[in-house]
Amino acid sequence: MLKNIIKNLSNLPGWRTNRKIVVIESDDWGSIRMSSKLAYNKLLKAGVNIEKGAGARYNKYDTLASNKDLSFLFETLNSVKDKNNHSAKITALSLTANPDFDKIKESNFQKYYYESFFKTLERYNMDCTQKLWQEGYNSNIFVPEFHGREHLNVCAWLRALQAEDKEALLAFDQGIWGYNRKEGIGFQAAFDLELFSDLEEQKRIIKDGLRFFEELHGHKARFFVPPNGPLNNQLEKVAADGGIQYISSPKIQSEPIGQGQSKKHFRYLGKRNGHNQNYITRNAFFEPSGSNRNEIHGCLSEIELAFKWKKPAIISSHRVNYIGGLSESNRDDSLKLLNELLKSIVKKWPNVEFMTSSELGDIITKRQ
């Protein structure tokens, strides 16, 4: 009962519309996450915590997207049309780079180096997928936006490696960083602040990441989803200077200020900050990979609630759901459910419109 009241109340503030708009935001595209099944088993055997906690399903199923992964996803999206005869579409929140493990090790962990996402694909013999990324963008069904340069807290990770943290080194040797630490901030949270002094480096990372995004994808990013959520608000200006017009935010945003401290800020759909950026807040979830809930029923209920309060339905659906490199059944089962969800949406709401996050932002701000 209380949960339902909270869900209703959370949909009240902010921009409203009579249009039935559905946006699917999918995080983590481009990041390595789990490098291989062999790496998973080695870390598990070594006692590194990769199978428990919030990140367990990502460690078990999430890795780089293959040709098959993208082709099957595109096929599913194209199979369902909205009232304007537009296919379902995904805003693919993407990372532009991954650590260059060889160079970092050569420096004895004293310096950080990165490689482009496309270089990572070459190392994994998956560079043929670059063509599909472009095809997805050109057809407006798989539109990359900015998730950061890396899905990695560079400063915290490098300090742990320099301090000879056993688990960090074990994971490093397998080409990963996304395990559950026993203490300290999570390495996946790229813009959390272990030390306030890390903020200047984070500013450089965002500036560099946005430049790199345009170089890789051929267009500027306009929408930014900070990995795992934490973001010091000084970074919003850096993002604005780099062309970011829209920022994803929890409705209660936690702004890290270092040493485990944070400030809380209230956000709502369409709220504008001091840099003329608008916040976009999610209000629905479709995360079938490793889920115990009825994802279709749960997501449809959340969409219905959003429409009841004249809000667009903004759905969180991470990359992990659509990846088959570590488990083909993970991908196949999730795509089957996605197909059922999309068909259920257009059947229940024939006047639905599928949009990307930036397309929605343009309507909110009347840029369209």
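For clarity, every value in this text was computed on a predicted model and none was experimentally measured. (Residues numbered from 1 in each chain as written. Predicted model: local features only at pLDDT ≥ 70, side-chain atom pairs only at ≥ 80, totals over all residues. Heavy atoms only, no water.)

**Student:** In this structure, what is going on with the overall build of the protein? I would like to understand it.
**Tutor:** Scanning the protein from terminus to terminus reveals 14 helices and 13 strands. On C-alpha atoms alone, the protein measures out to a radius of gyration of 20 Å, which is about the 21 Å that the 2.2 N^0.38 rule sets for 368 residues. Here the C-alpha coordinates of the protein stretch approximately 60 × 45 × 45 Å along the principal axes. The proportion of buried residues among the 368 residues of the protein is 58%. Put simply, of all contacts in the protein between residues at least 6 apart along the chain, 75% involve residues at least 24 apart. Within the structure as shown, the protein displays about 16000 Å² of accessible surface, and the carbon and sulfur contribution to it stands at 50%. Averaging the coordinates of the 53 positive side-chain charges in the protein and doing the same for the 44 negative ones gives two points 6 Å apart. (Helix = DSSP H or I, 4+ residues; strand = E, 2+ residues; numbered from the N terminus. Rg over C-alpha atoms; globule rule 2.2 N^0.38 Å. Buried < 20%, exposed > 50% of the residue type's maximum accessible area, 1.4 Å probe, protein only. Contact = heavy atoms within 4.5 Å. Areas by Shrake-Rupley, 256 points an atom, 1.4 Å probe, with all protein chains shown as cover. Lys, Arg positive; Asp, Glu negative; His and termini not counted. Charge placed at Lys NZ, Arg CZ, Asp CG, Glu CD.)

**Student:** Any chance you could explain the pattern of salt bridges here in plain terms?
**Tutor:** Two side chains that carry opposite charge are able to pair once their charged atoms sit near each other. Enumeration over the complete set of coordinates arrives at 26 salt bridges. Arg282 is paired through a salt bridge with Glu25; the nearest N and O atoms lie 2.6 Å apart. A residue pair is termed long-range when its members are at least 10 positions apart, and Arg282 in the loop between β10 (278-280) and β11 (284-285) and Glu25 in strand β1 (residues 20-29) qualify at 257 residues. The same class applies to Arg282 as to Glu25, namely buried. The partner of Arg181 in a salt bridge is Glu194, and the shortest N-O contact between them spans 3.7 Å. In this pair, Arg181 sits in the loop between α9 (166-173) and α10 (199-217) while Glu194 sits in the loop between α9 and α10, placing the two residues 13 residues apart along the sequence. Within the structure, one salt-bridge network assembled from shared partners comprises Arg149, Glu150, Asp208, Arg211 and Glu215. (Salt bridge = Lys/Arg side-chain N within 4 Å of Asp/Glu carboxyl O.)

**Student:** What's the story with the pairing of strand β8 (residues 252-258) in this structure? I'm lost.
**Tutor:** Along any regular strand, the residues point their side chains to alternate faces of the sheet. As paired strands, β8 and strand β9 (residues 261-266) are joined by 6 bridges and run antiparallel to one another. Each residue of the ladder has a partner; that of Gln253, found in β9, is His265. (Pairing = 2+ DSSP bridges.)

**Student:** I would appreciate a short explanation of the nonpolar core in the present structure.
**Tutor:** Soluble globular proteins: nonpolar side chains tend toward being buried together. Core analysis: the biggest nonpolar cluster contains 45 residues, and Phe146, Trp157, Phe187, Phe191, Ile206, Phe224 and Ile244 have the highest contact counts within it. For this core, the secondary structure elements donating two or more residues are α2 (37-45), α5 (101-106), α8 (154-162), α9, α10 and α11 (234-241). Of all the elements, α8 adds the most residues to this core, at 6 residues. Apart from residues no more than four positions distant in its own chain, Phe146 is found in contact with Leu93, Ser94, Ile206, Gly209, Leu210, Phe213, Ala221, Phe223, Phe224, Val225 and Ile244. The next biggest cluster of nonpolar side chains, apart from the first, holds 44 residues, and it includes Val22, Cys299, Ile315 and Leu335. (Core = buried A, V, L, I, M, F, W, Y, C linked by side-chain atoms within 4.5 Å.)

**Student:** I'm lost on the packing of α8 against α9 in this one. Help?
**Tutor:** Relative placement of two packed helices is described by the angle separating their axes and the distance separating the axes. At their nearest, the axes of α8 and α9 sit 8 Å apart, and the two run at 105 degrees to each other. Judged on the interaxial angle alone, α9 and α8 are roughly perpendicular. Of α9, the residues touching α8 (which contributes Trp157, Ala160 and Leu161) are Ala168, Leu169 and Phe172. Its residues assigned to classes, the contact of α8 with α9 shows 6 nonpolar, no polar and no charged. (Axes fitted to C-alpha atoms, helices over the stretch in contact; angles between N-to-C directions. Parallel < 35°, antiparallel > 145°, perpendicular 65-115°, else oblique. Nonpolar A, V, L, I, M, F, W, Y, C, P; charged D, E, K, R; others polar.)

What is shown is where atoms sit, not what they do.
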